[in-house]
Every structure is written in C-alpha cells, then in structure tokens.
Amino acid sequence: MHATAYANSNIAFIKYWGNRDETLRLPSNSSLSMNLNGVFTRTTVHWDDTLKQDHLILNGQDQTGEPLMRVSQHLDAIRKRLNLTSYAQVDSENNFPMGAGIASSASSFAALTVAGFTAAGASEVSEREMTTIARLGSGSASRSIPTGFVEWHAADRHEDSYAESIATPDHWDLVDVIAIVSSAHKEVGSKQGHPSANTSDLQSARVAGADDRLQICKTAILDHDFDTFAEVVERDSNLMHAVMMTSRPALFYWQPASLTVMSAVRRWRADGLQVCYTLDAGPNVHCLCTARDAETIQRELSTLDGVKDVRFAAVGAGARS
Ligand code: DP6
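Residues numbered from 1 in each chain as written. Predicted model: local features only at pLDDT ≥ 70, side-chain atom pairs only at ≥ 80, totals over all residues. Heavy atoms only, no water.

**Regarding the sheet that holds strand 12 (residues 285-290)**
On the basis of which strands lie adjacent, the open sheet formed by 4 strands has the order 11-12-10-13 and antiparallel pairing. The outermost strands of the open sheet, each flanked by one partner alone, are strand 11 (275-278) and strand 13 (309-314). Going from strand to strand, the sheet's axes swing by 25° on average, the running direction of each strand aside. For strand 11 and strand 12, the ladder comprises 4 bridges, and the chain directions are antiparallel. From the neighbouring strand, Tyr-277 faces strand 12, where its bridge partner is Cys-287. Running over the sheet, helix 7 (residues 226-245) touches strand 10 (174-180), strand 11 and strand 12 and is turned about 20° from strand 11. Docked against the sheet, helix 9 (residues 291-302) engages strand 10, strand 11, strand 12 and strand 13, running at close to 145° with respect to strand 12. (Pairing = 2+ DSSP bridges. Helix = DSSP H or I, 4+ residues; strand = E, 2+ residues; numbered from the N terminus. Axes fitted to C-alpha atoms, helices over the stretch in contact; angles between N-to-C directions. Contact = heavy atoms within 4.5 Å.)

**Focus: unusual backbone geometry**
Most peptide bonds are trans, and most residues other than glycine sit at a negative phi. In this structure, Pro-249 follows Arg-248 across a cis peptide bond, with omega equal to 0°. Note on placement: Pro-249 falls in the loop between helix 7 and helix 8 (256-270). Look at Arg-25: it is not a glycine, yet its phi comes out positive at around 50°. Judged by its relative accessible area of 12%, Arg-25 falls in the buried class. Unusually for a residue other than glycine, Asn-59 sits at a positive phi of about 45°. Looking at where Asn-59 falls in the secondary structure, it is placed in the loop between strand 5 (55-58) and strand 6 (61-63). (Buried < 20%, exposed > 50% of the residue type's maximum accessible area, 1.4 Å probe, protein only.)

**Description of the site of the ligand**
Residues in close proximity to the ligand total 17 residues, the closest being Arg-25, Ser-138, Gly-139, Ser-140 and Arg-143. Between the ligand and the protein, one listed contact pairs an oxygen atom with a side-chain N or O atom of His-194 at 2.9 Å. Side-chain polar atom of Asp-280 to an oxygen atom of the ligand: 3.5 Å apart, as the coordinates give it. Notes on the ligand: free accessible area 450 Å², of which the protein chains cover 97%. Residues of the shell around the ligand, tallied by class, amount to 5 nonpolar, 6 polar and 6 charged. (Near = heavy atom within 4 Å. Polar contact = N/O pair within 3.5 Å; in protein donor to acceptor, adjacent residues only side chain to side chain. Areas by Shrake-Rupley, 256 points an atom, 1.4 Å probe, with all protein chains shown as cover. Nonpolar A, V, L, I, M, F, W, Y, C, P; charged D, E, K, R; others polar.)

**Some remarks on the domain arrangement of the protein chain**
The domains assigned to the protein chain are domain 1 (2-170) and domain 2 (171-314). Relative placement of domain 1 and domain 2: their C-alpha centres are 23 Å apart. On the domain 2 side, the residues contacting the 38 residues of domain 1 number 51 residues. The contact between domain 1 and domain 2 buries some 3500 Å² in all, and 65% of this surface belongs to carbon and sulfur atoms. Summed over the three residues of domain 1 that lose the most area to domain 2, namely Phe-13, Lys-15 and Trp-17, the buried surface amounts to 24% of that side. At the boundary of domain 1 with domain 2, the tally comes to 2 salt bridges. (Domains from an automatic or database assignment. Buried area = accessible area lost by both parts, 1.4 Å probe. Salt bridge = Lys/Arg side-chain N within 4 Å of Asp/Glu carboxyl O.)

Next up, the structure:
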C-alpha cells in the first residue's frame, strides 16, 4: 500500500491571512493563486500494518518533534476519512529551500494528501474533497491540488471550503521570477502568524474588501489584462503586509532588499514592462511577469543590491500521483 505524489508550490495573488476557525483552517477570506511549475515536493506514503507509529523522512533526514507531529496529525485526518488503522512511513523531498517565502507547506501537504489517499487506493475521494483535507494540514495546500490558476473558497463549513481551478496552465503565460534575498528559515511561520491577524485593526478592512479584489483579479486573469492584474496583486500584498506590521506582536517580513526590489518593479512597470510584485510571509519578492519580459526581469533583478539568487517558475499543473 504505497504511492508517490508530486505537488507544485503556489503563489497567491489574493492572499490567505487569518482564519475564521483555526482548528479547521477555515480562512477569513477566499484566495487566488497560480501553481509554480517545477517548484515541487515529492512524497511517498507507505501504509504499513507492522508500524507502531508514523515515521517521517524529510529531505533525507529522519524527523521527530513538531514536523513529525504535524504530518502525523494530517495522517489522522486521512485515517479518519478512510477508517484506516495503519501507521505510515512518509518520505518527502522539496527541490527548493524551505521557510524562505516559497511556500513549502503548500506543496508538502498537497503531496502528502494525494499520496496518502492514493496509497490507500481511495479512488472514491474527489479532487474537491482532497482539497478540503489538504487544507486541514496547511491552508495554502488546498490550492496546490487543482491545476493552473486556482481559487480557494472561504466558507463556514469544512466541506464548503475547497479549492478549484479557474484556468489551466496554458491559459496565460505568466512567470514568477523570484528574487531570493534570504534563504534563511523565517522567524515566524505562517502557522503562528495566522492567529495574530485579528490583533491588527486593519484585518477587518482587508477581509471586507477581499471578495472584490478577488473578482477583479479573476476577471483580469480570464481577460489577460495585465495592468488591472498588477494593480490588484500589489495592493493585496501590501494590505496583507500592513496587517502583519500592525499586529501585536508586529510581524515584519520585509527586508531592505525586499523594498529595493519592490521599487525597481514599480519603476520597470512605469517604463512599460509587464511586471508586478507580491510577497508571502518572508522577504523574497515574487515578480510576476509575462513570458515576454521574464528574461529582462531576471537580468535586471540580478543587478540589484541584496538579490542573492533569481529563480523562475511558469504556471504549473496540479498535484499528481
Ligand atoms: C502568506 O498556508 O502557509 O503565504 O495554513 O498555517 O500552513 P498554514 O498557513 P499557510 O499560509 C499562507 C500564507 C501566505 C499567503 C497565501 O499563500 O495565501
């Protein structure tokens, strides 16, 4: 009873920040993202009756403590859904640095969910349901299961908060050119960050406008309207970081080099390049552009102070086993 699954990471255009229910990871607002082709986790799950507990190997290293506990809790959700009693051996690898603003929890929990169900031969579980289970492990993981451009619906009930594809990867040739300004593990991860969202006076305003921004962004994607897309994506990222910076305790993910990149991106756009920025819970800057301008952006980024590395990802497919 074993299976291997691959899941790409994703970058959100309209961000998930804060939950209406922390235990079920029911988000405060709906979000919208694209999968990142080639920025992936590969996970093998082996359900094994002879095991006395779950085991986790992450990037070749045996894990105990918090990482094992979070995976084991997720396996509990899969076990509960399928009435399984076996423990599992999980072997997982990322092909990108963890904890640096390229979401590893998204691809990890998406791959773990798909591998877990596939290894158990559970073909009756739909993609929609798998996205709800992935969500229990990590909110953004729900968006790494469907293909291409993906919307994750906020809702009050577990079964209604699922993710679905709004367009396939070939719909629009967007590229995420990631300016790596630090590859250190982030100090406060999203898991600890979400509960702090409501301590900011700005969170309620951010959430109140989220559906409107999502509709604007979705329509811009469907219409290939880069200017509208760029404006709403930067605004949404700035809103989330404004909430983070005004939470108690305050969370500052931006570094001086992040700001250098953000202002360069705005300058390049004013000069006619199709590019905009967005940042997750980390200092690296995701520069979203059309394939037309990707090489120019990459070249320009590598000349900026504080940019240590530049990576590329086109729009990716959904998780597969
Ligand atoms: C800033 O999905 O990583 O990247 O549910 O606690 O695992 P957990 O959080 P996570 O949060 C992602 C936050 C974000 C924005 C986004 O991807 O929408």
